[in-house]
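What follows is the residue order along each chain.
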Amino acid sequence: MNISIKDVLQRIRPFFILYLILLCGCFIIKLIYTKDDIYFAVNTRHTDFLDTIEPYITDLGNGWTIVILSALLCLYNYRIAFLMVTTFLLTSLAVQIVKFIFDAPRPKLYFKDQLSKLHFAKGVEILSNHSFPSGHTLTAFGTGVLVTYLVKNKNWAYLLVFYGVMVGFSRMYLSEHFFEDVIGGSMLGVALTIIWIRFIDSKKFINSPKWNRGILWPANQKLNND
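Since the model is a prediction, treat every value here as computed from it, not as a measurement.

(A) Spotlight on the packing of helix 2 (residues 13-32) against helix 8 (residues 135-150). Between helix 2 and helix 8, the least distance of the axes is 10 Å, while the angle of their chain directions is 150°. For the element pair helix 2 / helix 8, the angle class is roughly antiparallel. Facing helix 2, whose interface residues are F15, Y19 and L22, helix 8 presents F141, G144, V145 and T148. Partitioned by chemical class, the residues of the contact of helix 2 with helix 8 number five nonpolar, two polar and no charged.

(B) A look at the environment of Y110. Within the secondary structure, Y110 sits in helix 7 (residues 107-110). Along the chain, Y110 and S175 lie 65 residues apart, while their C-alpha atoms are 11 Å from each other. Those residues within four positions of Y110 in sequence are excluded, and the remaining contacts are K35, D36, P105 and F178. Side chain to side chain, Y110 and D36 meet in a polar contact 3.2 Å long.

(C) Quick peek at helix 6 (residues 78-102). The first and last C-alpha atoms of helix 6 sit 36 Å apart over 25 residues, in line with the 36 Å expected at 1.5 Å per residue. Near the N-terminus of helix 6, the side chain that reaches the backbone nitrogen of R79, with its oxygen 2.9 Å away, is that of N77. Within two residues after helix 6, D103 carries a phi angle of roughly 45°, on the positive side.

(D) Representation of the pattern of salt bridges within the structure. Considering all chains together, one arrives at three salt bridges under this definition. Notably, a salt bridge pairs E180 with K30, separated by 2.5 Å at the nearest N-O pair. In this pair, E180 sits in helix 10 (residues 179-200) while K30 sits in helix 2, placing the two residues 150 residues apart along the sequence. Its relative accessible area of 28% is what places K30 among the partly exposed residues. In this structure, the salt-bridge partner of R79 is D201, at a minimum N-O distance of 2.9 Å. Here R79, found in helix 6, pairs with D201, found in the loop between helix 10 and helix 11 (217-225); they are 122 residues apart in sequence, far enough to count as distant. Neither residue differs from the other here; R79 and D201 are each classed as buried.

(E) How the structure looks around unusual backbone geometry. Following F132, the chain continues into P133 via a peptide bond in cis, with omega recorded as -5°. Examined against the element boundaries, P133 turns out to sit in the loop between helix 7 and helix 8. We note that D103 has phi near 45°; this positive angle belongs to a residue other than glycine. With respect to the helices, strands and loops of the structure, D103 is situated in the loop between helix 6 and helix 7.

The rules we used
Residue positions are counted from 1 within each chain, in the order its sequence is given. Local features are withheld for residues below a pLDDT of 70 in this predicted model, meaning they are given only at 70 or higher, and side-chain atom pairs are given and counted only at 80 or more; totals for whole chains, interfaces and linings count all residues. Based on all heavy atoms of the structure, the side-chain values leave hydrogens and waters out of the count. Angles here are taken between N-to-C directions and fall from 0 to 180 degrees, while the axes themselves are lines fitted to C-alpha atoms, restricted in helices to the stretch in contact. The numbering of helices and of strands both runs from the N terminus, where a helix is a DSSP run of H or I of at least 4 residues and a strand a run of E of at least 2. The labels follow the angle: roughly parallel below 35 degrees, roughly antiparallel above 145, roughly perpendicular from 65 to 115, and oblique for the rest. We call two residues in contact whenever any of their non-hydrogen atoms come within 4.5 Å of each other. Charged residues are taken to be Asp, Glu, Lys and Arg, nonpolar residues to be Ala, Val, Leu, Ile, Met, Phe, Trp, Tyr, Cys and Pro, and polar residues to be all remaining types, Gly included. Pairs of N or O atoms are called polar contacts if they sit within 3.5 Å, as long as, within protein, a hydrogen donor faces a hydrogen acceptor (for residues adjacent in sequence, only side-chain-to-side-chain pairs). For a helix, the expected span equals 1.5 Å multiplied by the number of residues minus one. Each reported salt bridge corresponds to a side-chain nitrogen of Lys or Arg within 4 Å of a carboxyl oxygen of Asp or Glu. Each residue is placed in one exposure class: buried if its accessible area under a 1.4 Å probe, protein chains only, is under 20% of its type's maximum, exposed if it is over 50%, and partly exposed if it falls in between.

Structure, rendered in structure tokens:
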């Protein structure tokens, strides 16, 4: 089974088109406003409600969320679980490499002389280093690409883009990342996931019958036969 980049893009078309529109909007914002302007535009608009929910939203881009989801998917389909966990591992490795290459300061360190002006949500550990790119945002958008690729109903793409945007916003709201980090994370996540899908889903083994089943499949099949 030979899958090209074009094939992958065709299967994620709604997601990819919406993402490109979103990306163009982000680049326009970057042309108009400075890094500091964008940060404070988000940071100064805080509420108790957002302080409460944003830590939970940011956890949706956490690696453990994807690992647990992949484990649950093993009950249903090994292929889908394998694609999910390997996409996460590949993109996570890539983002860590890029983080250490750039070694960019996070808002807490970048604004170390203006900390009194910054708002931090209570109970959230605020990191200082390796800001670019955002790993949580990368995971969210990479997962969005993969799920869009796998599901039959492509209308899920709109919700999945929204999911990525919400995780990216949470990283800025919680002062863990800058706008540029979120953009970079999303781009890296989308690009690497597309490349990985094209490579791994072309392999014969992953499309074999034994991979298109799950832990509960034999029991369900036996029950149906009875």
